[in-house]
Every structure is written in structure tokens, then in C-alpha cells.
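Next come the chains, spelled out residue by residue.
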Amino acid sequence: MWDTAPEPEPLRRGTILLSWKPGHGGTDVTARLGLAATTVVLATWPSLHGDWTPIVHPTLFEVTGLHAALTVATEALNLANHLAAV
């Protein structure tokens, strides 16, 4: 998306937002992750030139894996708490 707002709306949990805008001598790219209660900035790459996919993709790949692991851990914790209460 083209990020024109000063701060984007809160993201749904697990959503990754990649935004870019003109910067000094290139494109400023920012990656954000929606968490349950907030949105966090994962990374910012200032002044990228040309095809910036090889620079940005590894971070997004790692975050997707981290989110999947956190989802499994959260579900396991919820199940353990449920079983402990029974």
C-alpha cells in the first residue's frame, strides 16, 4: 500500500503491513505487525533504491514464521490452562 497517513490504523492480529513512501534519495519502506493489543514496527529500511524485494523479503519471512510459532504456543497455553481448570 502507499502509506500517506501519519500513523496507520491498528492492524488485525497477525497482519503484516508493508508500506513505502518517497524518502531522501530513494524509498523509505516500513514493515508493521498487528498484535492483539497494538501494532508494532518490525523494521524500517530508509532510502532503498530499485528492486528492494531481496532486502525486505527475509524479514517478512522470519516474521511470518515467528507469528506461526507464537500462535501455536498461545494455543498450547490456552489448552493447558483449560485442562488445568477441568
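Each value, and the rule that gives it
Residues numbered from 1 in each chain as written. Predicted model: local features only at pLDDT ≥ 70, side-chain atom pairs only at ≥ 80, totals over all residues. Heavy atoms only, no water. Helix = DSSP H or I, 4+ residues; strand = E, 2+ residues; numbered from the N terminus. Rg over C-alpha atoms; globule rule 2.2 N^0.38 Å. Buried < 20%, exposed > 50% of the residue type's maximum accessible area, 1.4 Å probe, protein only. Areas by Shrake-Rupley, 256 points an atom, 1.4 Å probe, with all protein chains shown as cover. Lys, Arg positive; Asp, Glu negative; His and termini not counted. Charge placed at Lys NZ, Arg CZ, Asp CG, Glu CD. Core = buried A, V, L, I, M, F, W, Y, C linked by side-chain atoms within 4.5 Å. Pairing = 2+ DSSP bridges. Axes fitted to C-alpha atoms, helices over the stretch in contact; angles between N-to-C directions. Contact = heavy atoms within 4.5 Å. Polar contact = N/O pair within 3.5 Å; in protein donor to acceptor, adjacent residues only side chain to side chain. Phe/Tyr/Trp six-rings, centres within 6.5 Å; stacked < 30°, edge-to-face > 60°. pLDDT = per-residue confidence, 0-100.

Asker: Looking at this structure, how should I read the overall build of the protein?
Answerer: Secondary structure summary: the protein contains 1 helix and 3 strands in total. Overall, the protein shows an N-to-C arrangement of helices and strands of β-β-β-α. Its C-alpha atoms give the protein a radius of gyration of 17 Å, clearly above 12 Å, the size a compact globule of 86 residues would have. For the protein, the spread of C-alpha atoms along the principal axes amounts to about 60 × 25 × 15 Å. Here the protein holds 86 residues, and 22% of them are scored as buried. Here the protein displays about 6,100 Å² of accessible surface, and carbon together with sulfur accounts for 64% of that area. In the protein, 4 positive and 7 negative side-chain charges are present, and the distance between their average locations comes to 6 Å.

Asker: Sorry, what's going on with the nonpolar core here?
Answerer: Buried together is how nonpolar side chains tend to be arranged in soluble globular proteins. Counting 9 residues, the largest nonpolar core consists of Leu18, Val29, Ala31, Ala43, Trp45, Leu48, Trp52, Val56 and Leu60. Every element with two or more residues in this core is listed here: strand 2 (26-34), strand 3 (39-48) and helix 1 (53-85). With 3 residues, strand 3 is the largest single contributor of residues to this core.

Asker: In this structure, what is going on with the sheet that holds strand 2? I would like to understand it.
Answerer: In a beta sheet, neighbouring strands pair by backbone hydrogen bonds and run either parallel or antiparallel. Taken in spatial order, the 3 strands make up an open sheet running 1-2-3, and their pairing is antiparallel. A single partner strand is all that each edge strand has here, and the edge strands are strand 1 (16-23) and strand 3. On average, each strand axis in the sheet is tilted by 15° relative to the strand beside it, whichever way the strands run. Relative to strand 3, strand 2 is paired through 7 bridges, and the arrangement is antiparallel. Bridging from a neighbouring strand, Arg32 pairs with Val41 of strand 3. Lying over the sheet, helix 1 contacts strand 1, strand 2 and strand 3, oriented at roughly 170° with respect to strand 3.

Asker: For this particular structure, what's the right way to read the side chain of Arg32?
Answerer: On the secondary structure map, Arg32 appears in strand 2. On the basis of relative accessible area, Arg32 is assigned to the buried category, the value being 9%. A polar atom in the side chain of Arg32 sits 3.1 Å from the side chain of Ser19.

Asker: Explain the packing of aromatic side chains to me, please; I cannot follow it from the model alone.
Answerer: The description of an aromatic ring pair rests on the distance of the ring centres and on the angle between the ring planes. Within the structure shown, the criterion is met by 1 aromatic pair. An angle of 55° between the planes, with centres 5.7 Å apart, marks the rings of Trp20 and Trp52 as tilted. Here Trp20, found in strand 1, pairs with Trp52, found in the loop between strand 3 and helix 1; they are 32 residues apart in sequence, far enough to count as distant. The buried category is assigned to Trp52, whose relative accessible area is 16%.

Asker: What am I meant to see in the confidence of the model for the protein here?
Answerer: Caution applies to low-pLDDT regions: their predicted coordinates should not be interpreted in detail. Averaged over every residue, the pLDDT of the protein is 84; residues scoring 70 or more account for 91%. The spread of mean pLDDT over the elements of the protein runs between strand 1, the lowest at 84, and strand 3, the highest at 90.

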